[in-house]
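Secondary and tertiary structure notes
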Amino acid sequence: MSQRAAEALFTALFSLTDIRALLRETAPSHEFDDAQKTAAEKYLATVKKQIAILEEELL
Amino acid sequence: MRCAANIDARMVEETAINLDPIQVAGRLTPEAMKAVIAWGDGYSVCDNCRKPFRLDYIQNPPLKEFHVELAEWLGMAQARTVPGARRAFQQVAGTYVEKGDPVLIGALAHYTSYLSVEICRGIVREIPKTADNHITPDDTANRIEDVIREFGTVPKLLYIDHVDYQFGNMHDVRGVTKVAHQYDVPVLYNGVYTVGVMQVNGKDLGVDFVVGSGHKSMAAPAPSGVLAATEERAEEVFRTTQMTGDLTGRKFGIKEVGIIGCSLMGAPIVGMLASFPKVKARVEQFDSEMANSKIIVDALKSIEGTKILSEYPRKHTLTRVDTSGSFDVVAQTHKKRGFFLSSALGKKGITGIIPGATKVWKFNTYGMTKKQAEYVAKTYLDIAEENGLRVA
């Protein structure tokens, strides 16, 4: 159980880091092109999925 | 926003385009940021340190493999990591320089080069810069002769920056090294602005040591750096301990003296390791970095009264500029005085230039996208025009 939660936590943090990288490469306006929007959607979906796992495991 | 009770969350890179001359090539890759999240705890990488208990033998994370690859990539026989380039200078100077020994250093070198000699009580003699701010083989030969006349011996060591931190000019390392070796003077190549941003091969350059900075040019957290050496010099600079405790008889295996055993651990080494594949790849793309640099340099050049003090055309993304005839003229009467420029840049999400600098300042375009380069160039032009400066 705890292993699953830990892995979900790290996966979420890594996906958030990918979003952080997008913010860096688009600073200061953060106007995303289509590819960046697609990437952001993918990362956010991963984060949401990991949060669901964390809720399931920890609450 | 705070990340801890009294520590601000640093969001410089997420909210602005950073032009800080010493920071931009040290920005972490996403891979490094992830590795720091996972391995940032103190001694983390030492979990799997087994006999012979040395950092560069650890196999998980693959530090052993990394050290071998690093040396190969730099065209040298062996490589180690160090807590910053200055520690590499210290390690090399500590190996060869004794009290009163002369050491030659290019006149554009960083202060830490000098201090690394001073700590050994050596004596620095400088190779002068030319009128166009270069260190040349001819001047090197003359200064070696000067040292021989003054000290009765050749310099124990010579430091040459490939690209200096003051102008970002590129110096003739191969030529300087050729001269130095004619006198049997070992050469330390300072690649703080080159290792990790452009191709560097110590063997091709003929140097004895290659020094690089992780936090300046290898997308690694500070403090971090690398020291690589030829096989002959590696035996000297990476020598292992011969010490025995006189009461206990204790010995310390293969710990290296110059580095006091192990150096980089935790976040610095794991960040460097994680960035390494991208760093190796990015040096092949230096032309595109120079293209972005040109966009901004040309924009600045087009503002009447602005001079590029670095060599031109540029060969590196670090550039020194003189705006005493342009932005500083505006500063004389602007209500914000010299702070008008940094303030105007800040409002447009551009940072990294020293606040108040309107006379002579440096910037570095490394790592930005073309879109960001165009934005920075346009912003400078807009600020110039808004303040009555003529743009060609």
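Residues numbered from 1 in each chain as written. Chains lettered and ligands numbered in written order. Predicted model: local features only at pLDDT ≥ 70, side-chain atom pairs only at ≥ 80, totals over all residues. Heavy atoms only, no water.

**Focus: the UniProt feature "modified residue: N6-(pyridoxal phosphate)lysine" (unreviewed entry) in chain B**
Residue and element names in this part refer to chain B. Within this numbering scheme, the UniProt entry marks Lys216 as carrying the feature "modified residue: N6-(pyridoxal phosphate)lysine" (unreviewed entry). Here lysine 216 shows up in helix H9 (residues 214-217). Residue contacts for lysine 216: discarding those within four places in its chain leaves Ile22, Ala25, Gly26, His110, Val192 and Tyr193. (UniProt positions renumbered as here; feature names shortened; annotations may be inferred. Helix = DSSP H or I, 4+ residues; strand = E, 2+ residues; numbered from the N terminus. Contact = heavy atoms within 4.5 Å.)

**Brief notes about the environment of proline 28 of chain A**
Examined against the element boundaries, proline 28 of chain A turns out to sit in the loop between helix H1 (2-26) and helix H2 (34-58). Looking at proline 28 of chain A, the relative accessible area reads 22%, which means it is partly exposed. Ignoring sequence-local partners within four residues, the contact set of proline 28 of chain A consists of Thr15, Ala16, Ile17, Lys348, Gly349 and Tyr375 of chain B. (Buried < 20%, exposed > 50% of the residue type's maximum accessible area, 1.4 Å probe, protein only.)

**Overview of the environment of tyrosine 43 of chain A**
Residue and element names in this part refer to chain A. You can see tyrosine 43 is positioned in helix H2. With relative accessibility at 17%, the residue tyrosine 43 sits in the buried group. Spatially, the C-alpha atom of tyrosine 43 lies 8.6 Å from that of alanine 12, the residues being 31 residues apart in sequence.

**Quick word on the sheet that holds strand E10 (residues 225-229) of chain B**
Residue and element names in this part refer to chain B. Strand order in the open sheet made by the seven strands is E4-E10-E9-E8-E7-E5-E6, with mixed pairing throughout. Lying at the two open borders of the sheet, with one neighbouring strand each, are strand E4 (78-82) and strand E6 (123-127). Recorded for the sheet is a direction-independent mean angle of 20° between the axes of neighbouring strands. Judged from the five bridges that link them, E4 and E10 form a sheet pairing that is antiparallel. Bridge pairing in E10 places threonine 81 opposite valine 226. The sheet contacts of helix H5 (residues 111-118) involve strand E5 (102-106), E6 and strand E7 (157-161), and relative to E5 the element is tilted by about 175°. In this fold helix H7 (residues 173-182) packs onto E7 and strand E8 (187-190), with an angle of close to 175° to the strand it touches most, E7. (Pairing = 2+ DSSP bridges. Axes fitted to C-alpha atoms, helices over the stretch in contact; angles between N-to-C directions.)

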